[in-house]
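An overview of the molecular structure
This is what each chain is made of:
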Amino acid sequence: MTAPWLVGLDVDGTILLQDESMSPGVPEAVARLRDAGHEVTIATGRSWMATRRWVEQLGLTPEFVVCSNGAVTMRRVGDDWERWHIETFDPSPVLALLRDRLPEARYMVELGSGLRLYTAQLDDWTLDGGRQVDFEELAAEPVSRIVVVSPGHDEEDFHRLVSDAGLNEVSYAIGWTAWLDIAPQGVDKGTALERVRIELGMDRERVLVAGDGRNDIGMFGWARGIGGRAVAMGQAPDEVKDAAGEVTDDVEDGGLATALDTLPATAQVSAGE
C-alpha cells in the first residue's frame, strides 16, 4: 500500500512572486509530485475566489483546498467545489474596537456564504459579487474573516495595535502587503489541514507545508508537532523562520521548487507492506 505525502502550500511569497508570476521551477515541481501520487494542495490567506485560479493554473487535483487562513475549507465535488467546512465568529466587538483606533481604515468581511462586504474599494481585494455597505452592516451577521487595510500604517503599526487593543478573542495575521487579517479564535491553516489529513486518512509524519508569513506560523507548528516538515521561504521574517524546521531559498530564487524536489518521486511504500 502506498503512502503519499500531504503537501500544503502558501500562495503569496511561496508559489507566487509579488507580480503574481510563478516562482521559478514551481509548476514543474508541483506536477512531478502530483503525478507521483502525492496530495498537493493550497493553504492560503486568500479567499476561494482569489485561490481557485491558482489551483487550476498549477493543474492541482486535491480533494480539499484551505482558504481564508483556515476559516474556509473547500471540497471538490465532481468538476465543481463546495464550501465543506466554515468557521465563523461575531465581528461586532472587534470591528468596534478597530474603528475606534483606525477610523480611516478600509474594512472588509467575508460571510460564511463567501459573500464579501466592504466599506471601500481596494485593488488588492477580490470583490467579484461583493457589496459595498455602511460600516454598521459589516457586523450584521457572523463572518469567517475581517480584513483591515489602513493607509499609512505598516506591519509594526499593526503589531502595536494588536498588542494595545488586546485582540485575544480572535486569531490574527499580518500579510505581506501590511493588512490585518482576523479569523476565529483557534483557527489557522494548521487546524484546517489537520481536519483534511484526518478526512483523507493520511499518515501524520508524511506532511510537508511551506510558507513565508506570520499567518503560516500556526501551520508550521501543526506540521512539526505531528512529525512532519515545515519549510520557511528564505525571505520570511525571522520569527517565521524560527517556527519552521527548515529554511529554503527566497521565492525569487525558486525556493519552493528546491524544497519540493526533496520529496520522493514516487509515493513511498509503508514498511512491512
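Residues numbered from 1 in each chain as written. Predicted model: local features only at pLDDT ≥ 70, side-chain atom pairs only at ≥ 80, totals over all residues. Heavy atoms only, no water.

So, about the packing of aromatic side chains. Any aromatic ring pair is given by two values, namely how distant the centres are and how the planes are angled relative to each other. Enumeration over the complete set of coordinates arrives at 3 aromatic pairs. An angle of 55° between the planes, with centres 5.0 Å apart, marks the rings of Trp 48 and Trp 81 as tilted. Here Trp 48, found in the loop between strand 3 (39-42) and helix 2 (52-57), pairs with Trp 81, found in strand 6 (residues 80-86); they are 33 residues apart in sequence, far enough to count as distant. Each member of the pair, Trp 48 together with Trp 81, is buried. Residues Phe 64 and Trp 84 carry aromatic rings whose centres are separated by 4.5 Å and whose planes lie at 50° to one another, so their mutual orientation is tilted. (Phe/Tyr/Trp six-rings, centres within 6.5 Å; stacked < 30°, edge-to-face > 60°. Helix = DSSP H or I, 4+ residues; strand = E, 2+ residues; numbered from the N terminus. Buried < 20%, exposed > 50% of the residue type's maximum accessible area, 1.4 Å probe, protein only.)

Spatially, 3-2-13-14-15 is the arrangement adopted by the 5 strands of the open sheet, whose pairing is parallel. Of all the strands in the sheet, just strand 3 and strand 15 (246-247) have a single pairing partner and so form its edges. Here strand 13 (residues 207-211) pairs with strand 14 (residues 229-232) via 4 bridges, running parallel. Bridge pairing in strand 14 places Ala 210 opposite Val 231. (Pairing = 2+ DSSP bridges.)

Moving on, we come to helix 5 (residues 189-200). End to end, helix 5 covers 16 Å across 12 residues, agreeing with the expected 16 Å (1.5 Å per residue, within 8%). If you check which residues of helix 5 are buried, you get Lys 189, Gly 190, Ala 192, Leu 193, Glu 194, Val 196 and Arg 197. Contacts made by the buried residues of helix 5 are with strand 2 (6-9), strand 3, strand 4 (64-67), strand 5 (72-77), strand 13 and helix 6 (217-225). Residue Gly 201 follows helix 5 closely and has a positive phi angle near 70°. (Expected span 1.5 Å × (residues − 1). Contact = heavy atoms within 4.5 Å.)

Residues Glu 39 and Thr 41 point to one face of strand 3 and Val 40 and Ile 42 to the other, with burial holding for every one of them. Across 4 bridges, strand 2 lies against strand 3 in parallel orientation. Residue Leu 6 lies in a different strand from strand 3, and its bridge partner there is Glu 39. Remark: the strand 2/helix 1 (residues 26-35)/strand 3 crossover connection has right-handed handedness. (Right-handed = clockwise from strand over helix to strand, strands pointing away.)

Before going further, it helps to examine the confidence of the model for the protein. Of the residues in the protein, 91% have a pLDDT of 70 or more, and the chain-wide mean is 90. Note on residues 269-273: pLDDT under 50 across the span, and 6 contacts to partners over four residues away in sequence or across chains. (pLDDT = per-residue confidence, 0-100.)

On to the pairing of strand 12 (residues 180-184). The element strand 12 is extensively covered by neighbouring structure, given that 5 of its 5 residues are classed as buried. Where strand 10 (residues 143-149) meets strand 12, 3 bridges bridge the pair, whose relative direction is antiparallel. Across the sheet, residue Val 147 finds its bridge partner in strand 12, namely Asp 181.

Either a parallel or an antiparallel arrangement is found when strands of a sheet pair, and the pairing is made through backbone hydrogen bonds. Taking strand neighbours across the sheet as the criterion, the 3 strands line up as 4-5-6 in an open arrangement whose pairing is antiparallel. Edge positions in the sheet fall to strand 4 and strand 6, since each of these pairs with one other strand and no more. On average, each strand axis in the sheet is inclined to that of its neighbour by 30°, with strand direction left out of account. Here strand 5 pairs with strand 6 via 6 bridges, running antiparallel. For Arg 76, the partnering residue across the bridge sits in strand 6 and is Trp 81. Helix-sheet contacts for helix 5 involve strand 4, strand 5 and strand 6, and the interaxial angle to strand 4 is about 170°. (Axes fitted to C-alpha atoms, helices over the stretch in contact; angles between N-to-C directions.)

This brings us to the nonpolar core. Within the largest apolar cluster, 33 residues are counted, with the highest numbers of intra-cluster contacts made by Val 7, Leu 9, Ile 15, Ile 42, Leu 256 and Leu 260. For this core, the elements supplying multiple residues, two or more each, are strand 2, helix 1, strand 3, helix 2, strand 4, strand 5, strand 13 and helix 8 (255-260). Other than its neighbours up to four places away in sequence, Leu 260 contacts Val 7, Leu 9, Ala 29, Val 30, Arg 32, Leu 33 and Leu 208. Counting 23 residues, the second-largest nonpolar core is a separate cluster that includes Ala 105, Leu 138, Leu 161 and Ile 182. (Core = buried A, V, L, I, M, F, W, Y, C linked by side-chain atoms within 4.5 Å.)

Counted according to the given criterion, the structure contains 24 salt bridges. For Arg 52, the salt bridge is made with Glu 56, and the minimal N-O distance between the two is 2.9 Å. In this pair, Arg 52 and Glu 56 both sit in helix 2, 4 residues apart, roughly one turn of the helix. Among the salt bridges present, the one from Glu 110 reaches Arg 145, with a minimum N-O distance of 3.5 Å. With Glu 110 in strand 7 (residues 106-111) and Arg 145 in strand 10, this residue pair connects regions lying 35 residues apart in the sequence. Taken individually, Glu 110 and Arg 145 each receive the classification buried, so the pair is uniform in this respect. Shared partners join several salt bridges into a network, and the residues in it are Arg 83, Glu 110, Arg 116, Arg 145 and Asp 181. (Salt bridge = Lys/Arg side-chain N within 4 Å of Asp/Glu carboxyl O.)

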